[in-house]
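# Structural overview for review
For reference, the chains in residue letters:
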Amino acid sequence: MKPSRTVRVGSRSSPLALAQTEEVLSLLRARCPDAQFEVVHLSTSGDRKADAVLTSLGRGAFVKDIELALLDGRIDFAVHSAKDVGPEIAAGLQILPVGERQDARDVLVSKSGLPLMSLPAGTRLGTGSPRRKAQIIAMRPDVEVVPIRGNVGTRLEKARGPEYDGVVVAAAGLARLGRLSEATEFLSVERVTPDVGQGTLVAEFRQDDGEMEDMLSSIVLGETSCAFRAERAFLDTIGGGCTSPVAAYGEIDGQRMRVFSMAATPDGGRIVRSLVEGDTNEAADVGRKAASALLEAGASEIVREAD
């Protein structure tokens with residue numbers, strides 16, 4: 001399989017974004033050894049508003065400008081972290097989960113080397129994620145969770161500085177940067193449920209570009225795709241515009257899957273969880289059932305209050 005032209009691949013310029021793009025390209029080069037690829041560096045509104053609080057940017061802040069580059073033909077496909085992709089894909093585009101999902105868990109990187117439950121009261125942990133903040137406070141209301149921005153390397157550096165005693169980040173990001181050894185503790189999905197799509201990479205391309213679809217489909221893996229479909233169906237059902245911290249994680253075990261889900265108030269004062277099991281052949285349906293079960297368990301009130 002050899003594309004008829006040099007394939008232009010859109011990527012943000014952060015070290016993690018470039019590592020993710022290279023991960024996908026290494027898979028494609030193995031499948032298409034004669035293909036030529038060119039990485040095009042793109043800036044997004046999320047990058048340009050480096051001082052803004054992440055919650056003010058909304059899901060998709062790191063994607064929309066790249067989608068414009070796809071629509072106007074500057075690039076042929078783009079690589080995103082799946083958790084950055086909002087529920088609404090721009091008209092004329094589509095996404096595919098590609099490659100193998102990395103560890104979806106969140107990790108604590110603490111200056112003291114202590115795990116979360118052993119940290120002293122008043123410890124300052126940095127995260128820009130309302131989902132992480134709510135779940136951490138639910139476990140440790142005596143810990144101070146404070147905003148932090150910057151790429152993964154910047155956050156790790158800040159964790160060693162005077163303003164923070166540690167940070168909570170995605171294991172997948174550390175792994176892709178070769179820095180997973182810096183993690184102090186892996187946080188269980190039952191206590192800190194990951195974001196939808198965390199650890200998964202997606203390729204986005206134009207719907208009418210059959211050549212790109214054929215090429216990218218060759219690196220779609222079954223388990224990654226199954227979990228991705230379940231989690232995206234959850235997000236669509238729960239309401240992609242929901243401003244409350246919500247999360248879902250699909251775990252595959254042979255032909256069966258479990259979907260852990262969570263909704264919380266931003267202050268962590270109320271948290272609702274659900275666990276739904278089903279068949280991997282019905283992944284999207286399992287994701288929808290997970291959302292419905294969570295709403296019935298009390299998440300509907302949390303979501304309604306946030307709106």
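Quick summary incoming for the structure in this document.

The rules we used
- Residues numbered from 1 in each chain as written.
- Predicted model: local features only at pLDDT ≥ 70, side-chain atom pairs only at ≥ 80, totals over all residues.
- Heavy atoms only, no water.
- Pairing = 2+ DSSP bridges.
- Helix = DSSP H or I, 4+ residues; strand = E, 2+ residues; numbered from the N terminus.
- Axes fitted to C-alpha atoms, helices over the stretch in contact; angles between N-to-C directions.
- Contact = heavy atoms within 4.5 Å.
- Salt bridge = Lys/Arg side-chain N within 4 Å of Asp/Glu carboxyl O.
- Buried < 20%, exposed > 50% of the residue type's maximum accessible area, 1.4 Å probe, protein only.
- Expected span 1.5 Å × (residues − 1).
- Core = buried A, V, L, I, M, F, W, Y, C linked by side-chain atoms within 4.5 Å.
- Polar contact = N/O pair within 3.5 Å; in protein donor to acceptor, adjacent residues only side chain to side chain.
- Arc of directions from axis to C-beta.

Our next topic: the sheet that holds strand β3 (residues 77-81). Strand order in the open sheet formed by five strands is β2-β1-β3-β10-β4, with mixed pairing between adjacent strands. The open sheet has two free edges, formed respectively by β2 (37-41) and β4 (93-98), since each of these has just one partner strand. Averaged over all pairs of adjacent strands, the angle between their axes in this sheet comes to 30 degrees, without regard to strand direction. Pairing of strand β1 (residues 7-11) with β2, which is carried by five bridges, proceeds in the parallel orientation. What sits directly across from Gly10, in β2, is Val40. The sheet contacts of helix α8 (residues 210-217) involve β1, β2, β3, β4 and β10 (201-206), and relative to β4 the element is tilted by about 15 degrees.

Overall, the coordinates contain 20 salt bridges when judged by the stated rule. Of the charged contacts, one joins Glu22 and Arg29 as a salt bridge, the two residues approaching to 2.8 Å between their closest N and O atoms. Here Glu22 falls in the partly exposed class, since its relative accessible area comes to 39%. Between Glu144 and Arg124 there is a salt bridge, with the nearest N and O atoms lying 3.0 Å from each other. Separated by 20 residues along the polypeptide, Glu144 in strand β7 (residues 144-146) and Arg124 in strand β6 (residues 124-126) bring together distant segments of the chain. Overall, Glu144 belongs to the partly exposed group, its relative accessible area being 37%.

The buried count for β3 comes to five of five residues, which makes it a mostly enclosed element. Where β1 lies against β3, two bridges are found, and the strand directions are parallel. Among the inter-strand pairings, Val9 is bridged to a residue of β3, identified as Phe77. By the bridge criterion, five bridges tie β3 to β10 in an arrangement that is antiparallel.

What follows is about helix α1 (residues 15-31). Between its first and last C-alpha, α1 extends 25 Å over 17 residues, near the 24 Å set by a 1.5 Å rise per residue. Within α1, the full set of buried residues consists of Leu16, Ala17, Gln20, Thr21, Val24, Leu25 and Leu28.

A word on the sheet that holds strand β12 (residues 256-264). If you walk across this open sheet you meet the three strands as β11-β12-β13, and the pairing is antiparallel. Only two strands of the sheet have a single neighbouring strand rather than two, namely β11 (246-253) and β13 (271-279). With direction set aside, neighbouring strand axes in the sheet form an average angle of 15 degrees. As paired strands, β11 and β12 are joined by eight bridges and run antiparallel to one another. Paired with Asp253 across the two strands is Arg256, which belongs to β12. In the packing of helix α9 (residues 222-238) onto the sheet, contacts are made with β11 and β12, and the angle to β11 comes to roughly 150 degrees.

What follows concerns the nonpolar core. Counting residues in each nonpolar core, the largest one holds 22 residues, and the members touching the most others are Phe234, Ile238, Met257, Val259 and Leu294. Elements that contribute at least two residues to this core include exactly α9, β11, β12, β13 and α10 (283-306). Sequence-distant contacts of Phe234, defined by excluding residues within four places in its chain, comprise Val196, Ala247, Ala248, Ser261, Gly287, Arg288, Ala290, Ala291 and Leu294.

With that settled, consider the side chain of Arg206. Relative to the helices and strands, Arg206 is located in strand β10. Given the relative accessible area of 16%, Arg206 is considered buried. There is a polar contact of 3.4 Å between the side chain of Arg206 and the side chain of Asp76. Ignoring sequence-local partners within four residues, the contact set of Arg206 consists of Arg5, Leu70, Gly73, Ile75, Asp76, Gly92 and Leu93.

On to helix α6 (residues 152-159). Residue pairs three or four apart in sequence face the same way in an α-helix, which turns once every 3.6 residues. Taken together, the buried positions of α6 are Val152, Arg155, Leu156 and Ala159. On an axial view of α6, the arc spanned by its buried residues comes to 100 degrees, and they lie on one face. Against the buried residues of α6 lie α1, β5 (106-110), α5 (130-139), β8 (166-170) and α7 (171-176). With a side-chain oxygen positioned 3.2 Å from the backbone nitrogen of Gly153, the residue opening α6 is Asn151.

So, about the pairing of β8. Consecutive side chains of a regular strand alternate in pointing toward one face of the sheet and then the other. Counting buried positions along β8 gives five out of five residues, so the element sits mostly inside the fold. Relative to β8, β5 is paired through five bridges, and the arrangement is antiparallel. Bridge pairing in β8 places Val107 opposite Val169. Two strands pair when backbone bridges link them, and β6 and β8 are joined in this way by two bridges, in the parallel orientation. Along β8, the bridge assignment pairs Leu125 with Gly166.

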